[in-house]
Amino acid sequence: QVQLVESGGGLVQAGGSLRLSCAVSGLTFSRYAMGWFRQAPGKEREFVAAILGSGGTTSYVDSVKGRFTVSRDNAKNTAYLQMNSLKPVDTARYYCALRVDSIILVRTTSSYNYWGQGTQVTVSS
């Protein structure tokens, strides 16, 4: 059974940092792409960042480029989202997702096969 478990969310002041983790079990983690998404109240879930299985290729939504960094440790079956210079607009529930594909990075929620339960990030002004 495939499981994704996020951690690391919390309350932080604007300009602060958080690192989210996503621990994956139940499959060969290094083969597959990982994505991070977020959903604010009343809004659709949106793409934030993604990384291929090898870790060599990443993709970001424009609004987080230069502030967020996606990475992974295949030995630990864990993906990370380092978030710096956080802004109140970054407030949302953050989800990690796994796509059973190792060739391309995609940004659509329907392209991901497995999801975590999410972790709340709240940025105060």
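The preceding data block contains the structure.
Keep in mind it's a predicted model, so treat the numbers as computed, not measured.

### Considering the nonpolar core
Here is step 1 of the chain: Counting 36 residues, the largest nonpolar core has Met-34, Trp-36, Leu-81, Met-83 and Tyr-94 as the members making the most contacts within it.
Here is step 2 of the chain: Contributing elements (two or more residues each) for this core: strand S3 (18–25), strand S4 (33–39), strand S5 (46–51), strand S7 (68–73), strand S8 (78–83), strand S9 (92–99) and strand S11 (119–124).

### A short note on the pairing of S4
Here is step 1 of the chain: Where burial is concerned, most of S4 is hidden: six out of the seven residues are buried.
Here is step 2 of the chain: As paired elements, S4 and S9 share seven bridges and run antiparallel to each other. In the sheet register, Trp-36 faces S9, and the bridge partner there is Cys-96.
Here is step 3 of the chain: The pairing of S4 with S5 spans five bridges and is antiparallel. If you follow Gly-35 over to S5, its bridge partner there is Ala-50.
Here is step 4 of the chain: Linking S4 to S5, which pair antiparallel, is a turn of six residues; within it Gly-42 sits at a positive phi near 80 degrees.

About the thresholds
Residues numbered from 1 in each chain as written. Predicted model: local features only at pLDDT ≥ 70, side-chain atom pairs only at ≥ 80, totals over all residues. Heavy atoms only, no water. Core = buried A, V, L, I, M, F, W, Y, C linked by side-chain atoms within 4.5 Å. Buried < 20%, exposed > 50% of the residue type's maximum accessible area, 1.4 Å probe, protein only. Helix = DSSP H or I, 4+ residues; strand = E, 2+ residues; numbered from the N terminus. Pairing = 2+ DSSP bridges.

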